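Understanding the architecture of this molecule
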Amino acid sequence: MCTLVQKEILIEEISEAMSFICFRLRYDEPLSPESLKLIELREYVYATNHQEIDLEKTRKEVVELKRPYLGKPEILFAD
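Sequence positions are assigned chain by chain, starting from 1 and proceeding in written order. It should be noted that, the model being predicted, local features are given only for residues of pLDDT at least 70 and side-chain atom pairs only at 80 or more, the latter also being counted only at that level, while totals for whole chains, interfaces and linings use all residues. Note: side-chain values were computed over all heavy atoms of the structure, leaving out hydrogens and water.

Describing helix α1 (residues 4-22)
Cut-off, in case you're wondering: A run of DSSP states H or I qualifies as a helix once it reaches four residues; a run of E qualifies as a strand once it reaches two. Both are numbered from the N-terminal end. Any helix carries an expected span of 1.5 Å times its number of residues minus one. In this scheme, a residue with accessible area under 20% of its type's maximum is buried, one over 50% is exposed, and one in between is partly exposed, where area comes from a 1.4 Å probe on protein chains only. Whether two residues are in contact is decided by their heavy atoms: any pair within 4.5 Å suffices.
Between the first and last C-alpha of α1 there are 27 Å, a value that for 19 residues agrees with the 27 Å anticipated at 1.5 Å per step. All buried positions along α1 are accounted for by Lys7, Leu10, Ile11, Ile14, Ala17, Met18, Phe20 and Ile21. Packed against the buried residues of α1 are α2 (33-47) and α3 (55-66).

Right under this line is the structure:
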């Protein structure tokens, strides 16, 4: 369960993780499985009543999806 404000913050955390991952992929590559899962999570959070969201579980999932990209450099321009 989470509050309405926590739900909004969770949406921001998901968006930040998506941006973090996308900056580490080439623009001409397909979306990574982690990006696709974050999109699913975002849609779930938007569609679910804030009282039904397991905040800690969802946050842990976001952290785990982001983890493989933590050591990778940003790709600003692709040749």
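Thoughts on the packing of α2 against α3
Quick reminder of the rule: The axes used here are C-alpha line fits, helices contributing only the stretch in contact, and every angle between their N-to-C directions lies in the interval 0 to 180 degrees. Each angle is binned into one of four classes, with values under 35 degrees roughly parallel, values over 145 roughly antiparallel, values of 65 to 115 roughly perpendicular, and all other values oblique. In this scheme the handedness of a crossing depends on how the near helix is turned from the far one: anticlockwise by less than a right angle means left-handed, clockwise means right-handed.
Two elements in contact, α2 and α3, have axes separated by 10 Å at closest approach and are oriented at 160 degrees. With respect to α3, the element α2 is oriented roughly antiparallel. In this structure, α2 meets α3 at a crossing whose hand is left-handed. Counting all contacts with α2, which are made through Glu34, Lys37, Leu38, Leu41 and Val45, the residues of α3 involved are Thr58, Glu61, Val62 and Leu65.

Topic: α3
Going by this rule: An arc is given here, and it is the one of the directions from the helix axis to the C-beta atoms.
Compared with an ideal rise of 1.5 Å per residue, which puts 12 residues at 16 Å, α3 spans 17 Å between its outermost C-alpha atoms and is within 8% of the ideal. Turning to α3, its buried residues number three or more, namely Leu55, Thr58, Val62, Leu65 and Lys66. Viewed end-on, α3 has its buried residues packed into an arc of 100 degrees, placing them on one side of the element. For α3, the exposed residues set more than 90 degrees away from the buried face come down to Lys57 and Lys60.

A look at the environment of Pro33
With respect to the helices, strands and loops of the structure, Pro33 is situated in helix α2. Take Pro33: its relative accessible area is 62%, and that puts it in the exposed class. Residues Pro33 and Lys57, 24 residues apart in the sequence, show an inter-C-alpha distance of 19 Å.

What about the pattern of salt bridges?
Defined as follows: Any Lys or Arg side-chain nitrogen located within 4 Å of an Asp or Glu carboxyl oxygen qualifies as a salt bridge.
A full pass over the atoms with the stated rule returns 7 salt bridges. Here Lys66 ties to Glu16 by a salt bridge, and the two come within 3.1 Å at their closest N and O atoms. Pair noted here: Lys66 is in helix α3 and Glu16 is in helix α1, with a separation of 50 residues, a long-range link. For Glu16, a relative accessible area of 38% puts it in the partly exposed group. Notably, a salt bridge pairs Lys37 with Glu40, separated by 3.8 Å at the nearest N-O pair. Of this pair, Lys37 and Glu40 both sit in helix α2, 3 residues apart, which is roughly one turn of the helix. The exposure class of Lys37 is partly exposed, given its relative accessible area of 31%. By relative accessible area, Glu40 is classed as partly exposed at 48%.

Read these as layout, nothing more, since geometry by itself doesn't imply function.
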